[in-house]
Each structure stands twice: as C-alpha cells, then as structure tokens.
Amino acid sequence: MAKRILVLVIEDNRLVRDGLAALLDAQPDFKVVAAAEGANAGLLQLRETKPHVVLVDATLGNNDSHRLVQSVRKEAPDSKVIVMDLLPAQEDVIEFIKAGANGFIVKDATIEDFVRTIRSVAEGADVVPPALTGTLLSHIVEQAVAHSTAAVLEAVQMTKREQEITSHIAEGLSNKEIAQRLNIATYTVKSHVHNILEKLALHSRLQIAAHAHRSSAPHSIPPTAAR
C-alpha cells in the first residue's frame, strides 16, 4: 500500500473542522493526524504529528492566519501549506504566497477538488484558485519577492540544472513532470528545488516561478539564463 498523506486541519469552525477531517479521513490515501482550533493549537499539533500537508483556515481569529503560515514554514519546512477561504482576493493570495503557502482551495469546492488539491500539493505542485490564475502571476512578480533586491537575485549563483528546473517550475510543471522531461529521478528534482529555495531565500515553488518570470525580463538577466 502506498504511503498515506498525513494531513493536519487548522480551522476555527468546529462543524467545518470535524466535517472536513471526517471526509478526508475516509480517503484511502489520507490520514488526518489532527484537527485543531486556532493557531496555537495548530502549532502544537504540527510539532507532535509532523504532517505532510497543513490545511489552514484563511480567517482564523485575531488575524493569525498569515503568521501561522509563516510559522509552519519555519518550524516544518518539509510540510506543505494549503490555505482555505470562501472567496480569496488577489491581495490575500499574494500575502499568503509571501508567507509561504503552497496552495489554495475555496471552501465551497467539492470534496473531489479538495482531495485533488491536497494530492497535487503533496506531490510538489502549487495550486491557486482558477479564477485568479489569469492575472495572479503579474502581481506575484511585482510583490511576492519584493523583500529581495534585484542585485541580490542577480548575484545568486545557480547551476545549469537549477536554472533548467526553475524554468520548468515557471511553466507550472510538477516535480514528477520535470523529472520525466529531464530524464532524472523525482527525488533529484526535489533536492534541486530545495537548493533553489535556499539560494533565493524563498518558501514555495510559486515564489520560484515569480522570480523566474521577473528575472527573464530584458532589464534583468538574459532570457537564455533561465533555461
């Protein structure tokens, strides 16, 4: 039997929290390790359960959601974070990406969409709400990596393979798809992605994509360097 995806649910609403946990636990390849109310309880469960994927309510009390995503990325860098919201605005999605979120799902999505999103993110993909994909990237390019100056980004020394993988991430390919295209192991791709994140001081593949698109602009580095 394939290894199950360990999921931690952090949601203030008890009905939603318990219902979602039960629905996900019914999936043969999922195991809900905990369902926590609020950021503090969620971080405690994070340390105890070491989940593969953390589902975070975008509207936790005291505006804790952004800080929680940052804390999850800091304390459990191997865990993926999916933010749940009813109708996420572009600005909110950008802020969560800057905090380190790997994916988003609207709360009125079907259970099939929830399951598909969790599986995709667990496998290394990034998922944003379909309604936002048309204009999201341009906003990410301008804001998501604003903490790094152009000089710092240009000074980063990336290998040819890392440049290739960065380019493929910018195309929206998953680790598995990149591995197939480059004829290398998926584990090797994951290792390169980890190195790229560390070199660029970023948190997610979405931020790598933003960097790749910004760096390929004429005023930055030559387009061939991204390939």
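Residue positions are given per chain, counting from 1 as you read along its sequence in written order. Reporting of local features is limited, given that this is a predicted model, to residues whose pLDDT is at least 70; pairs of side-chain atoms are given and counted only at 80 or more, and all residues count toward the totals for whole chains, interfaces and linings. Values shown for side chains rest on all heavy atoms present in the structure; no hydrogens or waters enter the calculation.

With that out of the way, let us pick up the nonpolar core. In terms of nonpolar packing, the biggest core is built from 23 residues, with Leu68, Val69 and Phe104 touching the most fellow members. Think of it this way: any DSSP run of H or I at least four residues long counts as a helix, any run of E at least two long counts as a strand, and we number them from the N terminus. Of all elements in the fold, only strand S1 (5-10), helix H2 (39-49), strand S3 (53-57), helix H3 (65-75), strand S4 (80-85) and helix H4 (90-99) reach the threshold of two or more residues within this core. Side-chain atoms within 4.5 Å link the members of a nonpolar core, which is a set of buried Ala, Val, Leu, Ile, Met, Phe, Trp, Tyr and Cys residues. In this scheme, a residue with accessible area under 20% of its type's maximum is buried, one over 50% is exposed, and one in between is partly exposed, where area comes from a 1.4 Å probe on protein chains only. With 19 residues, the next largest nonpolar core counts Phe30, Val53, Ile105 and Ala109 among its residues.

The next thing to look at is the environment of Ile196. By secondary structure assignment, the location of Ile196 is in helix H10 (residues 186-200). With 38 residues separating them along the chain, Ile196 and Met158 place their C-alpha atoms 7.7 Å apart. Residue contacts are defined here by distance: any two heavy atoms, one from each residue, within 4.5 Å place the two residues in contact. Ignoring any residue separated from it by four or fewer positions in sequence, one finds Ile196 in contact with Met158, Glu162, Ile165, Thr166 and Ile208.

With that settled, consider H3. Within the sequence span of H3, burial applies to Ser65, Leu68, Val69, Val72 and Arg73. Projected onto a plane normal to the axis of H3, the buried residues spread over an arc of 135° and lie on a single side. It is the directions from the helix axis to the C-beta atoms whose arc is reported.

Glancing now at the pattern of salt bridges. Any carboxyl oxygen of Asp or Glu that lies within 4 Å of a side-chain nitrogen of Lys or Arg is treated as forming a salt bridge with it. Here the structure, examined in full by the defined rule, presents seven salt bridges. Close ionic contact of Glu75 with Arg47 constitutes a salt bridge, the shortest N to O distance being 2.7 Å. Highlighted residues: Glu75 in helix H3 and Arg47 in helix H2, separated in sequence by 28 residues. Classification of Glu75 as partly exposed rests on a relative accessible area of 39%. As a salt-bridge pair, Asp113 and Arg116 come within 2.5 Å of each other at their nearest N and O atoms. Of this pair, Asp113 and Arg116 both sit in helix H5 (residues 111-122), separated by three residues, roughly a single helical turn. The class for Arg116 is partly exposed, based on a relative accessible area of 47%. It is possible to trace a salt-bridge network through shared partners that takes in Glu11, Asp57 and Lys107.

Looking now at the sheet that holds S1. Strands were regarded as paired on the criterion that DSSP finds at least two bridges between them. Here we have five strands laid out as an open sheet, ordered S2-S1-S3-S4-S5, and parallel in their pairing. Edge positions in the sheet fall to strand S2 (30-36) and strand S5 (103-106), since each has one partner strand and no second. Direction aside, neighbouring strands of the sheet carry axes that sit 25° apart on average. Pairing between S4 and S5: four bridges, direction parallel. Note that in S5 the partner of Asp85 across the bridge is Val106. Running over the sheet, helix H1 (residues 14-25) touches S1, S2, S3 and S4 and is turned about 165° from S2. For helices, the fitted axis covers only the stretch in contact; all axes are lines through C-alpha atoms, and the angles between them, taken along N-to-C directions, range from 0 to 180 degrees.

Below, the discussion takes up the pairing of S4. Burial within S4 is extensive, with five of its six residues counted as buried. The sheet contact formed by S3 and S4 spans five bridges and is parallel. Among the inter-strand pairings, Val53 is bridged to a residue of S4, identified as Lys80.

Stacked, tilted and edge-to-face pairs are distinguished by plane angle, under 30 degrees for stacked and over 60 for edge-to-face with tilted covering the rest, among Phe, Tyr and Trp rings (Trp via its six-membered ring) whose centres lie within 6.5 Å. Going through the model one piece at a time under the given rule, you end up with one aromatic pair. Plain terms: the ring middles of Phe96 and Phe104 are 6.4 Å apart, the flat faces sit at 65° to each other, and that makes the pair edge-to-face. Whether a charge sits over a ring comes down to the Lys NZ or Arg CZ being within 6 Å of the ring centre and within 35 degrees of the ring normal. Positioned above the aromatic ring of Phe30 is the side chain of Arg119, whose terminal nitrogen or guanidinium carbon lies 5.5 Å from the ring centre.

On average, the protein scores 77 in pLDDT, and the residues at 70 or more come to 73%. Confidence drops under a pLDDT of 50 for residues 217-227, and excluding neighbours within four residues, the segment shows 16 contacts in the predicted structure. pLDDT expresses how confident the predictor is about each individual residue, on a scale running from 0 to 100.

Below, the discussion takes up the packing of helix H9 (residues 175-182) against H10. Two elements in contact, H9 and H10, have axes whose closest approach is 8 Å; the angle formed by their N-to-C orientations is 110°. In terms of axis orientation, H9 runs roughly perpendicular to H10. Along this stretch, H9 crosses H10, giving a crossing that reads as right-handed. Along its contact with H9, which presents Asn175, Lys176, Ile178 and Ala179, the element H10 presents Thr186, Val189, Lys190 and Val193. Residue classes follow a fixed rule: Ala, Val, Leu, Ile, Met, Phe, Trp, Tyr, Cys and Pro count as nonpolar, while Asp, Glu, Lys and Arg count as charged, and any other residue, Gly among them, counts as polar. Its residues assigned to classes, the contact of H9 with H10 comprises four nonpolar, two polar and two charged. For classification purposes, an angle smaller than 35 degrees is called roughly parallel, one larger than 145 roughly antiparallel, one from 65 to 115 roughly perpendicular, and anything else oblique. The hand of a helix crossing depends on one turn: near helix anticlockwise from the far one by less than a right angle means left-handed, and clockwise means right-handed.

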